[in-house]
Amino acid sequence: MSAIEIGTASVPAAAPAKRSGKARLRLAGLVLPVVLAVIWEVLVRTGLANGRLMPPPSVVGATLWELARSGELATHAAATLWRVLAGFGIGAVAGTVLGALTGALPVARSLLDPTLQALRAIPSIAWVPLFILWFGIFEASKVALIAVGVFFPIYLGVAAAILSIDRKIVEVGRVFRLGRLAMVRRVLLPAILPDWFTALRGGLGLGFMFVVAAEIMGASEGLGYLLVDGQQLGRPATIIAAIISFAVLGKLADGVLVALARPFLRWQDTARDKL
């Protein structure tokens with residue numbers, strides 16, 4: 001067998017090994033939370049720590065199982081996820097459109113950006129009474145609050161991505177005599193896609209943060225309502241179960257967004273696997 005044949009034959013075997021290595025790295029992310037949970041369980045069971053206000057993982061796990069078995073967990077998680085997705089959709093569209101306008105047009109930047117930057121400094125809780133007055137305590141006020149939280153990181157990310165486009169790649173497009181639409185499709189859009197997806201991830205994360213404030217506004221279901229219910233009834237295990245549910249739901253949503261972005265960013269030649 002020649003050297004070329006040997007090299008060719010070794011390629012298929014390397015690919016599964018690389019995939020298994022990536023899978024092991026993903027599973028490694030579970031090590032820290034599992035170790036911390038085991039340590040806390042041991043501390044409580046040996047009497048070295050008080051498990052009344054911070055229940056051990058066994059108690060929290062039993063609470064999660066009971067919520068899942070009764071169907072409450074699915075109901076609350078579905079309500080929270082719907083609100084986040086609705087608010088994320090509205091905020092993402094508005095943030096992308098206005099960010100593109102202010103990033104690409106100096107006139108729009110002069111007119112809109114100062115006002116939007118001032119609105120960005122307003123605390124999220126300050127919007128609550130206004131939205132309740134405008135939309136009532138129903139779903140519209142909750143979705144509006146989440147959309148506000150999602151809007152600003154996406155707006156800033158898109159505007160900054162457009163403003164930071166390298167002048168050289170624009171000049172290359174002009175050398176090839178690309179029209180305006182071709183320039184946007186083949187040069188400008190690929191240049192801002194990585195930053196846009198990063199801004200979307202940031203907006204999605206803030207959406208899960210704002211949904212807590214939204215559901216405290218008077219919701220009858222949702223993980224935020226579960227938090228308040230646990231606090232009012234003095235059940236710390238329920239509070240921690242809701243927090244864990246938020247973490248899992250947020251991580252799953254972020255993973256879906258990353259998976260959707262991956263085909264659009266396949267062209268990137270980065271050193272992420274070597275650093």
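Residues numbered from 1 in each chain as written. Predicted model: local features only at pLDDT ≥ 70, side-chain atom pairs only at ≥ 80, totals over all residues. Heavy atoms only, no water.

Participant: I'd like to hear about the overall build of the protein chain, residue by residue, with values.
Facilitator: Scanning the protein chain for helices and strands turns up 11 helices and 0 strands. Start at the N end of the protein chain and walk to the C end: the helices and strands fall as α-α-α-α-α-α-α-α-α-α-α. When burial is assessed residue by residue, the protein chain has 33% of its 275 residues classed as buried. Counted over contacts in the protein chain with a minimum sequence separation of 6, partners at least 24 positions apart contribute 71%. (Helix = DSSP H or I, 4+ residues; strand = E, 2+ residues; numbered from the N terminus. Buried < 20%, exposed > 50% of the residue type's maximum accessible area, 1.4 Å probe, protein only. Contact = heavy atoms within 4.5 Å.)

Participant: Please give an account of the side chain of Lys-142 that cites residues and values.
Facilitator: Its location among the elements puts Lys-142 in helix 7 (residues 139-163). Glu-139 provides the closest opposite charge to the buried, salt-bridge-free Lys-142, at an N-O distance of 4.9 Å. With sequence-adjacent residues up to four places away left out, Lys-142 is seen in contact with Arg-83, Ile-137, Ala-214, Met-217, Gly-218 and Ala-219. (Lys, Arg positive; Asp, Glu negative; His and termini not counted. Salt bridge = Lys/Arg side-chain N within 4 Å of Asp/Glu carboxyl O.)

Participant: Residues and numbers for the packing of aromatic side chains, please.
Facilitator: One pass over the full model with this rule turns up 7 aromatic pairs. Plain terms: the ring middles of Phe-131 and Trp-134 are 6.1 Å apart, the flat faces sit at 45 degrees to each other, and that makes the pair tilted. A residue pair is termed a helical-turn pair when its members lie 3 or 4 positions apart in one helix, as Phe-131 and Trp-134 do in helix 6 (residues 124-135) at 3 residues. A relative accessible area of 5% places Phe-131 in the buried class. (Phe/Tyr/Trp six-rings, centres within 6.5 Å; stacked < 30°, edge-to-face > 60°.)

Participant: Requested: an account of the environment of Ala-77, with residues and values cited.
Facilitator: Locating Ala-77 in the fold gives a position in helix 4 (residues 72-104). Between the C-alpha atom of Ala-77 and that of Glu-221, which follows or precedes it by 144 residues, the distance is 8.7 Å.

Participant: Quick one: what's the story with the confidence of the model for the protein chain, residue by residue and with numbers?
Facilitator: Here the protein chain averages 83 in pLDDT, and 88% of its residues register 70 or above. Mean pLDDT across the elements of the protein chain ranges from a minimum in helix 1 (residues 3-28), with 54, to a maximum in helix 4, with 93. Confidence drops under pLDDT 50 across residues 1-11; counting only partners more than four residues distant or on other chains, this segment forms 1 contact. (pLDDT = per-residue confidence, 0-100.)

Participant: Give a description of a nonpolar patch on the surface that names residues and reports values.
Facilitator: Taken together, Val-93, Val-97, Leu-101, Leu-105, Val-107, Leu-111 and Leu-112 make up a surface patch of nonpolar side chains, about 620 Å² in accessible area. If you trace the backbone, Leu-111 turns up in helix 5 (residues 106-120). (Patch = residues over 30% accessible without salt bridge, like charges linked within 9 Å, V, L, I, M, F, W, Y side chains within 5 Å. Areas by Shrake-Rupley, 256 points an atom, 1.4 Å probe, with all protein chains shown as cover.)

Participant: Describe the nonpolar core, and please don't skip the residues or the numbers.
Facilitator: The nonpolar side chains of soluble globular proteins are, as a tendency, buried together. In terms of nonpolar packing, the biggest core is built from 49 residues, with Phe-88, Leu-145, Ile-154, Leu-200, Leu-204 and Phe-208 touching the most fellow members. Among the secondary structure elements, those contributing two or more residues to this core are helix 3 (57-70), helix 4, helix 6, helix 7, helix 9 (180-216), helix 10 (223-232) and helix 11 (236-261). Excluding anything up to four places from it in sequence, Leu-204 contacts Val-84, Phe-88, Ala-253, Asp-254 and Leu-257. (Core = buried A, V, L, I, M, F, W, Y, C linked by side-chain atoms within 4.5 Å.)

Participant: Just give me the short version of the pattern of salt bridges, but keep the residues and values in it.
Facilitator: Pairing of side chains with opposite charge becomes possible as their charged atoms draw close. Tallying each qualifying case throughout the model produces 7 salt bridges. Where Arg-201 meets Asp-254, a salt bridge forms, and the shortest distance between an N and an O atom there is 2.8 Å. Here Arg-201, found in helix 9, pairs with Asp-254, found in helix 11; they are 53 residues apart in sequence, far enough to count as distant. Among the charged side chains, a network of salt bridges with common partners joins Arg-83, Glu-139 and Glu-215.

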